[in-house]
Amino acid sequence: QVHLVESGGGLVQPGGSLTLSCAASGNFYRSFTTFIMSWYRQRPGKDREMVATINSNGRMDYADFVKGRFTISRDNAKQMLYLQLNGLEVEDTADYYCTQNHGAAWGVGTPVTVSS
């Protein structure tokens, strides 16, 4: 079973930056390197939505609303997933979650609040 723990959220002003981290642990049935890892977010009153995905060969996909502001990365040796958030907007306020294979496992989320 995969256990995911996010960290790095907080309060930031518009235009600011944050780096989110996700640590994976547990008894993996196969190597972390084979996992498709993603960041999702859930804004207040909205459904959860995909933000960014990185697959086992490093291919990255982003939601249209990212507009080049966010960067997903992974460190397979450390079993870590990251999301660099730049140019944050009020509309980016949400709980951010990491997930394995688009929902096979979820973390509990880390809140990001963008406000002046």
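Small disclaimer: the values here were computed from a predicted structure and weren't measured.

Some points on the packing of aromatic side chains
Right, on to step 1. Overall, the coordinates contain three aromatic pairs when judged by the stated rule.
Right, on to step 2. Pairing Phe32 with Phe35 gives two aromatic rings, centres 5.9 Å apart and planes at 75 degrees, and the pair type is edge-to-face. The same class applies to Phe32 as to Phe35, namely buried.
Right, on to step 3. What links up through ring pairs into an aromatic cluster is the set Tyr40, Tyr97 and Trp106.
Right, on to step 4. Between Arg48 and the ring centre of Tyr97, over which it is positioned, the NZ or CZ distance is 3.8 Å.
Right, on to step 5. The lysine or arginine in question, Arg48, covers the ring of Trp106, its NZ or CZ lying 4.5 Å from the ring centre.

Brief notes about the pairing of strand 5 (residues 48-54)
Right, on to step 1. Pairing analysis gives six bridges linking strand 4 (residues 37-42) to strand 5, with the strands arranged antiparallel. Residue pairing for strand 5: Tyr40 is matched across the bridge by Met50.
Right, on to step 2. The turn joining strand 4 and strand 5, which pair antiparallel and follow one another in sequence, is formed by five residues; a positive phi near 75 degrees is taken by Gly45.
Right, on to step 3. Sheet analysis places strand 5 next to strand 6 (residues 60-62), joined by three bridges and oriented antiparallel.

A word on unusual backbone geometry
Peptide bonds are mostly trans, and most non-glycine residues show a negative phi.
Right, on to step 1. Positioned with a positive phi, Gln79 is a non-glycine residue whose angle comes to about 55 degrees.
Right, on to step 2. Along the polypeptide, Gln79 turns up in the loop between strand 7 (70-75) and strand 8 (80-85).
Right, on to step 3. What makes Gln79 partly exposed here is its relative accessible area of 27%.
Right, on to step 4. We note that Asn101 has phi near 50 degrees; this positive angle belongs to a residue other than glycine.
Right, on to step 5. Tracing the sequence through the fold places Asn101 in the loop between strand 9 (94-100) and strand 10 (105-106).
Right, on to step 6. For Asn101, a relative accessible area of 24% puts it in the partly exposed group.

Things to note about the pattern of salt bridges
Between side chains of opposite charge, pairing is possible as soon as their charged atoms come close.
Right, on to step 1. Taken as a whole, this structure holds six salt bridges when the rule is applied.
Right, on to step 2. Arg41 is the salt-bridge partner of Asp92, the closest N and O atoms lying 2.9 Å from each other. In this pair, Asp92 sits in the loop between strand 8 and strand 9 while Arg41 sits in strand 4, placing the two residues 51 residues apart along the sequence. Across the pair, exposure class does not vary: Asp92 and Arg41 are buried alike.

Observations concerning the state of the cysteines
Right, on to step 1. Across all of its chains, the model carries one disulfide by this definition.
Right, on to step 2. Here Cys22 connects covalently by a disulfide to Cys98, the sulfurs 1.9 Å from one another. Linking Cys22 and Cys98, the disulfide has an S-S dihedral of approximately 50 degrees and is accordingly described as right-handed. Here Cys98 lies in strand 9 and Cys22 lies in strand 3 (residues 18-26), a separation of 76 residues in the sequence.
Right, on to step 3. A residue is classified by how much of its surface remains accessible, and Cys98, at 0% relative accessible area, is buried.

Conventions and cut-offs
Note that residues are indexed from 1 along each chain, following the sequence as it is written. Residue-level local features of this predicted model are given only where pLDDT is at least 70; pairs of side-chain atoms are given and counted only at 80 or more, and the full residue set underlies all totals for whole chains, interfaces and linings. The side-chain figures draw on all heavy atoms in the structure; neither hydrogens nor water molecules are used. Aromatic contacts are taken between Phe, Tyr and Trp rings whose centres are within 6.5 Å, Trp giving its six-membered ring; a plane angle under 30 degrees counts as stacked, one over 60 as edge-to-face, and the others as tilted. The buried label goes to any residue with under 20% of its type's maximum accessible area, the exposed label to any with over 50%, and the partly exposed label to all in between, with areas taken from a 1.4 Å probe on protein chains only. We call a charge positioned above a ring when the Lys NZ or Arg CZ atom is no farther than 6 Å from the ring centre and deviates by at most 35 degrees from the ring normal. Strands are labelled as partners when DSSP assigns at least two bridges between them. Numbering of helices and strands starts at the N terminus; helices are DSSP runs of H or I of at least 4 residues and strands are runs of E of at least 2. The salt bridge criterion pairs a side-chain nitrogen of Lys or Arg with a carboxyl oxygen of Asp or Glu, the two atoms within 4 Å. A pair of cysteine sulfur atoms is labelled a disulfide when the two atoms are within 2.5 Å.

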